[in-house]
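# Geometric and topological summary
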Amino acid sequence: MTTRPATEPVGLPRWLLVPAAAGVLLVAVPVVGLLLRVPWAELPRLLGSEASLAALGLSLRTSVAATALATALGVPLALVLAWARPPLVRLVRTVVLLPLVLPPVVSGLALLTTFGRRGLLGRHLEVLGLDIAFSTTAVVLAQAFVALPFLVLSVEGAARSTGRRHEVVAAGLGARPTTVLRRVTLPLLAPALGSGTALAFARCLGEFGATLTFAGSLQGVTRTLPLEIYLQRETNPDAAVALALVLVALAAVIVLLTQRPARSADRGRRSDGGSA
């Protein structure tokens, strides 16, 4: 048996191409079907309607706010989960990742029973004049609730793989913990933070079930783009397809952005290997 050089890539079994191609077709064919259904000639009129513009504007505003909230909470949480010691880490991680597997309607119901007028916290907030359910704030909370795990998974995995050797060196040179976090940890995690933020934003933009259950569907207040697509599907299918095209385009851009750090890292590894 001949041996291969350590740097030469190992070939894949050819039979893997069959299920791989089937997986591509499973995703690509429905997208192509949607593109073929788009009424391109009427696209400006359909996308320029008052309801469409209101839904798109609301989705973008709430998604940005929810992503900022998920980032502000998710990055510290991811670092704690990556570097804290058991036994509570596994329990906390299980709770944080629950929105990944919960049906969106269940997530919305959980938020409603917590922040609704008669909810665990909602009844106390109402005394203070804060009514969260069925408001724009509810949309932001619903989106952040379902998007937070995506950011935590990305940052935590990167923090675990990177290790803490750079932080140890910086601390040994006299840097304070906050300085180490700002000057060492966050720059090292920048690619994962960027991809995690993009994925969280995409999840916020596409959120439907939790938003509908917790925030309702009021035009200009809580009716985001997915909700508008759902409503237009029965009354105006062409408008629904046109709005769906917007979400597909935004999702494609976000996916491309999340792949840029990975390609850069691959190039860096290849150059390191070549120089060695």
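These numbers were taken from a predicted model, which means no experiment stands behind them. (Residues numbered from 1 in each chain as written. Predicted model: local features only at pLDDT ≥ 70, side-chain atom pairs only at ≥ 80, totals over all residues. Heavy atoms only, no water.)

### Notes on the overall build of the chain
This is how the line gets drawn: Helix and strand definitions here come from DSSP, where helices need a minimum of 4 consecutive H or I residues and strands a minimum of 2 consecutive E residues; each element is numbered from the N-terminal end. Burial classification: accessible surface area is computed with a 1.4 Å probe over protein chains only, and a residue below 20% of its type maximum counts as buried, one above 50% as exposed, and the rest as partly exposed. Contact between two residues is taken to exist if any of their heavy atoms lie within 4.5 Å; hydrogens are not considered. Note that accessible areas follow from Shrake-Rupley with a 1.4 Å probe, and for residues the cover is restricted to the protein chains shown. Lys and Arg are tallied as positive, Asp and Glu as negative. Neither His nor the chain termini are counted. To locate a charge, take NZ of a lysine, CZ of an arginine, CG of an aspartate or CD of a glutamate.
In terms of regular secondary structure, the chain is built from 13 helices and zero strands. By its C-alpha atoms, the chain is 65 × 50 × 30 Å across when sized along the principal axes. Burial status across the chain gives 33% buried among its 276 residues. Taking the intrachain contacts of the chain between residues at least 6 apart in sequence as the baseline, contacts between residues at least 24 apart amount to 73%. As presented, the chain carries roughly 16,700 Å² of accessible surface, and 69% of it is formed by carbon and sulfur atoms. Each charge class in the chain was averaged separately, 25 positive and 13 negative side chains, and the resulting centres sit 10 Å apart.

### Examining helix H9 (residues 177–188)
Since there are 3.6 residues in each turn of an α-helix, residues three or four apart along the chain are aligned in direction. Quick reminder of the rule: One less than the residue count of a helix, multiplied by 1.5 Å, gives the span that helix is expected to have. By arc we mean the arc of the directions from the helix axis to the C-beta atoms, nothing more.
Helix length check: H9, at twelve residues, gives a terminal C-alpha distance of 15 Å against a target of 16 Å (1.5 Å per residue), a fit within 8%. Turning to H9, its buried residues number three or more, namely Val 180, Val 184 and Thr 185. Viewed end-on, H9 has its buried residues packed into an arc of 85°, placing them on one side of the element. Facing away from the buried surface of H9 by more than 90 degrees, the exposed residues are Thr 178, Arg 182 and Arg 183. Turning to H9, the residues buried within the fold contact helix H3 (50–83) and helix H8 (165–172).

### Notes on the nonpolar core
Operational definition: Side-chain atoms within 4.5 Å are what join buried Ala, Val, Leu, Ile, Met, Phe, Trp, Tyr and Cys residues into a set we call a nonpolar core.
Formed by 16 residues in total, the largest nonpolar core has its most connected members in Leu 79, Val 152, Val 155, Ala 159 and Leu 189. Counting residues in each nonpolar core, the second largest holds ten residues, with Ala 133, Ala 142, Val 146 and Ala 215 among its members.

### Observations concerning unusual backbone geometry
Glycine aside, residues mostly have negative phi, and peptide bonds are mostly found in the trans state. One non-glycine residue, Phe 134, lies in the positive phi region at around 60°. Relative to the helices and strands, Phe 134 is located in the loop between helix H6 (122–127) and helix H7 (136–162).

### Some points on the packing of H8 against H9
This is how it is decided: A fitted line through C-alpha atoms represents every axis, and for helices the fit uses only the stretch in contact; the resulting angles, taken between N-to-C directions, go from 0 to 180 degrees. Geometric relationships in this document are graded by angle, where less than 35 degrees denotes roughly parallel, more than 145 denotes roughly antiparallel, 65 to 115 denotes roughly perpendicular, and other angles denote oblique. Note on convention: near helix rotated counterclockwise from far helix by under a right angle means a left-handed crossing. Clockwise means right-handed. Charged residues are taken to be Asp, Glu, Lys and Arg, nonpolar residues to be Ala, Val, Leu, Ile, Met, Phe, Trp, Tyr, Cys and Pro, and polar residues to be all remaining types, Gly included.
Across the interface, H8 lies against H9 with an axial gap of 10 Å and an inter-helix angle of 160°. On the basis of their axis angle, the class for H8 and H9 is roughly antiparallel. Between H8 and H9 lies a crossing of right-handed hand. Each of His 166, Glu 167, Ala 170 and Ala 171 in H8 lies in contact with H9, whose residues at this interface are Val 180, Val 184, Thr 185 and Leu 188. Class assignment of the residues belonging to the contact of H8 with H9 gives a composition of five nonpolar, two polar and one charged.

### Things to note about the pattern of salt bridges
The line we're drawing: Salt bridge, as used here, is a side-chain nitrogen of Lys or Arg placed within 4 Å of a carboxyl oxygen of Asp or Glu.
According to the stated counting rule, one finds eight salt bridges in the structure shown. In this structure, the salt-bridge partner of Glu 207 is Arg 203, at a minimum N-O distance of 3.2 Å. One salt bridge connects Glu 228 with Arg 223, and the closest N-O pair in it is separated by 3.7 Å. An identical accessibility class is assigned to Glu 228 and Arg 223; each is buried. Overlapping salt bridges bring together Arg 93, Glu 156 and Arg 160 as one network.

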